[in-house]
Amino acid sequence: MTEIRPFRIQVPQADLDDLRNRLARTRWPDELPGVGWGYGVPLGYLREVAEYWRSSYDWRAHEARLNEFPQFTTVIDGTKVHFLHVRSPEPDALPLVITHGWPGSIVEFTEIIGPLTDPRAHGGDPADAFHVVAPSIPGFGFSGPTREPGWNLHRITTAFAVLMGRLGYERYGAHGGDFGSLLSPELGRLYPDRVVGVHVNGFLTLPSRDPAQLADLTDTERSRLEALKRFRRDQRGYALIQATRPQTLSYGLTDSPVGQLAWIVEKFKEWTDSSQLPEEAVDRDQILTNVMLYWLTGTAGSSARLYKETAHDLGGANEPSSVPTGVAVFPREVSVAVRRLAEHIHNIVYWSEFDRGGHFPAMEVPDLLVGDLRQFIPQS
């Protein structure tokens, strides 16, 4: 079954009414005084955001905004795959598959799709145009929930290759952040004859076990590895839970919208280029629209399962990739970018570093990300 069906987001009003009722009936926990964000999302902040969500946030406006992008579904390997497919008005545009991660979604890309597909209309060079395909990872949003185990990196990237083939794209670029920065290189590794270049923001470089490779690291490189150690010590609890007991977690997140909100908004605070509140980096409505895609589709559990399904992939050694790879490094990115370590398994031909931005650059600094993609992919 290879049919591609047009898709439109149409959330029943009853689901929105249920959400508001649940938000109004939230059973709030206590909180220690004066601990700020040190123990997790502060009670006062979350109550204020939840009340804004209940009384002021307009889902219908954001639903209409998402529906401005052509959307489709198709069945690949027994599961429904939802995707945006925005063709450029430039006939010679290069196809580009862009992939989100957790706790992201296609909402991340709403500000970069226009400039990528139609640079002429956004002050750019039409020669830099892309045909953009943005899939929802199986298990996420309207590609979920998945109904069977086994959706690991290999299976997901194979599905994306099938998708691009069904769309008639034989040669294309790949970009991603978070899990997308793992899926995009894997797509190139599995299909080097199809992928002309891989671009990632955020690049998880695991510390080398060879002391010789670590002996002459620069101060910047050492500080990045220290940041990885701090992340593993202080911020990795969410990943350990999702990689071990995602089903247990899913009950609370699927039943409580405030629970789902807290689980996601914490990452927008910790992983973005913000100092006090996540809204300093990403618009509150954008954050809530992203949360809505998890809540309305009931995919808290199936998206969390990605961590369990890929645990073996992330711990194993990959064969080196021959595909030209570009890396954009943003200062508040939580994953570690050390070029000399990454070059052992990636053919890195392009490396850029910025002075602003974090883990969600398509939402935080879309101009920088678009410019970097334009600069790298056409030369691949």
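Residues numbered from 1 in each chain as written. Predicted model: local features only at pLDDT ≥ 70, side-chain atom pairs only at ≥ 80, totals over all residues. Heavy atoms only, no water.

K.L.:
Outline the overall build of the protein chain, supporting the account with residue identities and numerical values.
P.N.:
Along the protein chain, the regular secondary structure elements total 17 helices and nine strands. Its C-alpha atoms give the protein chain a radius of gyration of 20 Å, within 12% of the compact-globule value 21 Å for 380 residues. For the protein chain, the spread of C-alpha atoms along the three principal axes comes to 55 × 50 × 45 Å. With 380 residues in all, the protein chain has 55% of them scored as buried. Here the contacts in the protein chain between residues at least 6 apart in sequence split such that 77% fall between residues at least 24 apart. Element-wise, carbon and sulfur atoms account for 49% of the exposed surface of the protein chain, whose accessible area totals about 16500 Å². Distance from the positive charge centre (38 side chains) to the negative charge centre (48 side chains) of the protein chain: 5 Å. (Helix = DSSP H or I, 4+ residues; strand = E, 2+ residues; numbered from the N terminus. Rg over C-alpha atoms; globule rule 2.2 N^0.38 Å. Buried < 20%, exposed > 50% of the residue type's maximum accessible area, 1.4 Å probe, protein only. Contact = heavy atoms within 4.5 Å. Areas by Shrake-Rupley, 256 points an atom, 1.4 Å probe, with all protein chains shown as cover. Lys, Arg positive; Asp, Glu negative; His and termini not counted. Charge placed at Lys NZ, Arg CZ, Asp CG, Glu CD.)

K.L.:
Break down the packing of helix 1 (residues 13-24) against helix 12 (residues 284-297) for me, with residues and values.
P.N.:
The geometry of helix 1 relative to helix 12 is characterised by a closest axis approach of 11 Å and an angle of 105° between their N-to-C directions. In terms of orientation, helix 1 and helix 12 fall into the roughly perpendicular class. Where helix 1 approaches helix 12, its residues Asp 15, Leu 16, Leu 19 and Arg 22 are matched on the opposing element by Met 292, Trp 295 and Leu 296. Looking at the contact of helix 1 with helix 12 residue by residue, the classes come out as five nonpolar, no polar and two charged. (Axes fitted to C-alpha atoms, helices over the stretch in contact; angles between N-to-C directions. Parallel < 35°, antiparallel > 145°, perpendicular 65-115°, else oblique. Nonpolar A, V, L, I, M, F, W, Y, C, P; charged D, E, K, R; others polar.)

K.L.:
Residue-level account of the pairing of strand 3 (residues 79-86), with values.
P.N.:
On any regular strand, side chains alternate: one points to one face of the sheet, the next to the other face. Counting buried positions along strand 3 gives seven out of eight residues, so the element sits mostly inside the fold. Where strand 2 (residues 71-76) meets strand 3, six bridges bridge the pair, whose relative direction is antiparallel. Bridge pairing links Ile 76 to Thr 79 in strand 3. The turn joining strand 2 and strand 3, which pair antiparallel and follow one another in sequence, is formed by two residues; a positive phi near 55° is taken by Asp 77. Sheet topology note: the strand 3/strand 5 (residues 130-135) ladder contains four bridges and is antiparallel. Its bridge partner lying in strand 5, Phe 83 is registered against Pro 135. (Pairing = 2+ DSSP bridges.)

K.L.:
Could you give an account of unusual backbone geometry, naming the residues involved and the relevant values?
P.N.:
In this chain, Trp 102 is followed by Pro 103 through a cis amide linkage whose omega measures 5°. The omega torsion across Gly 144 and Pro 145 is -5°, close enough to zero to call that bond cis. Even without a glycine there, the phi angle at Asp 77 is positive, about 55°. Looking at the element boundaries, Asp 77 is found in the loop between strand 2 and strand 3. Notably, Asp 178 is not glycine yet its phi reads approximately 55°, a positive angle. Here Asp 178 lies in the loop between strand 6 (172-177) and helix 6 (180-190). By relative accessible area, Asp 178 is classed as buried at 16%.

K.L.:
So, helix 10 (residues 246-255): which residues are in play, and what are the values?
P.N.:
Restricting attention to buried positions, one finds in helix 10 the residues Pro 246, Leu 249, Ser 250 and Leu 253. Buried positions in helix 10, seen along its axis, are confined to an arc of 110° and lie on one side of it. Every exposed residue of helix 10 that faces more than 90 degrees away from the buried side is listed here: Thr 248 and Tyr 251. Elements that come into contact with the buried residues of helix 10 comprise helix 9 (237-244), helix 11 (257-270), helix 12 and helix 13 (300-309). (Arc of directions from axis to C-beta.)

Scope: geometric values only; no functional claims are made or implied.
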